[in-house]
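Observations on chain architecture
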Amino acid sequence: MTGILENPPGVGHNAEGAEKENQHWERWAKKRTFVRALEGTYSHLYKQLVDQPRVFSSKDVPWKGGPGHFGKSVISPQAVNITQSIESHIEAYAPMASGQKHGHLNSAVFYVLKGHGHDVHDGRHIPWKAGDVMIVENGCVHQHFNDSPDEEAVLLVFKAKPLFLFMHLLFQKIVEWPSKIPPKGAEYYKPPADL
């Protein structure tokens, strides 16, 4: 036996020397660092971060995608120097359009700025409307749909994807790409110019 069952954790199980005294394997008693240690002076990096802007205009970032689903990444480690662990992007959906069916390990929070529609999360139908906040849980295969025949839907998305990628939690997959054919009646849809 390893002594684990004879010596269950309790009050004081982390007391000085107790762990080493009760471990039969040296590797269990060895102190470990699970995140790479950062050593040195980083005052110049801190100063650079302090000097970074805190407000970014989404109008300065071009829309990508189409013809029914557009997006722009406003805050991400690739776009700005102030953040390393979160990202924020905006998605716009033409009337009756949908985005890609996909999944990723990180969770995501969506604030619905405009419109109404639904999501499908692992086969579960979830309706949403302007003013709602929706969560996509970790590892969920999901897809967003605009249900309006004549109004666009606009979503603001926040997620810790950069942090997950840093931790090597890389599994992300597009199951189905968004349609390359615009929805009927929205052939000339353009995302909002004021965002």
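Description of the structure in this document. (Residues numbered from 1 in each chain as written. Predicted model: local features only at pLDDT ≥ 70, side-chain atom pairs only at ≥ 80, totals over all residues. Heavy atoms only, no water.)

**So, the nonpolar core**
- Judged by nonpolar contacts, Tyr 93, Ala 108, Phe 110, Val 112, Trp 128, Met 134, Val 136, Cys 140, Ala 153, Leu 155 and Val 157 together constitute the single largest core of eleven residues.
- Elements with a minimum of two residues in this core: β5 (108-114), β8 (133-136) and β10 (153-159).
- In contact with Met 134, other than residues within four places in its own chain, are Ala 108, Val 109, Phe 110, Asp 119, His 121, Trp 128 and His 144.
- In this structure, Val 74, Ile 90, Ala 97 and Val 154 belong to the second largest nonpolar core, which totals ten residues. (Core = buried A, V, L, I, M, F, W, Y, C linked by side-chain atoms within 4.5 Å. Buried < 20%, exposed > 50% of the residue type's maximum accessible area, 1.4 Å probe, protein only. Helix = DSSP H or I, 4+ residues; strand = E, 2+ residues; numbered from the N terminus. Contact = heavy atoms within 4.5 Å.)

**Some remarks on the packing of aromatic side chains**
- Within the structure shown, the criterion is met by one aromatic pair.
- When the ring of Phe 70 is compared with that of Tyr 189, the centres are 6.0 Å apart and the planes differ by 50 degrees; the resulting orientation is tilted. In this pair, Phe 70 sits in strand β2 (residues 69-75) while Tyr 189 sits in the segment after β11 (172-176), placing the two residues 119 residues apart along the sequence. A single burial state applies to Phe 70 and to Tyr 189, both of which are buried. (Phe/Tyr/Trp six-rings, centres within 6.5 Å; stacked < 30°, edge-to-face > 60°.)

**Topic: the pattern of salt bridges**
- In the structure shown here, the tally under the stated rule is three salt bridges.
- Of the charged contacts, one joins Asp 51 and Lys 47 as a salt bridge, the two residues approaching to 2.8 Å between their closest N and O atoms.
- Residue classification places Asp 51 among the exposed positions, given a relative accessible area of 52%.
- The residue Lys 129 makes a salt bridge to Asp 132 at a minimum N-O spacing of 3.2 Å. (Salt bridge = Lys/Arg side-chain N within 4 Å of Asp/Glu carboxyl O.)

**Some thoughts on the sheet that holds β11**
- Here we have five strands laid out as an open sheet, ordered β7-β6-β9-β4-β11, and antiparallel in their pairing. Either end of the sheet is taken by a strand with one partner, and the two such strands are β7 (124-129) and β11. Strand-to-strand, the axes of this sheet are offset by a mean angle of 25 degrees, without reference to chain direction. (Pairing = 2+ DSSP bridges. Axes fitted to C-alpha atoms, helices over the stretch in contact; angles between N-to-C directions.)

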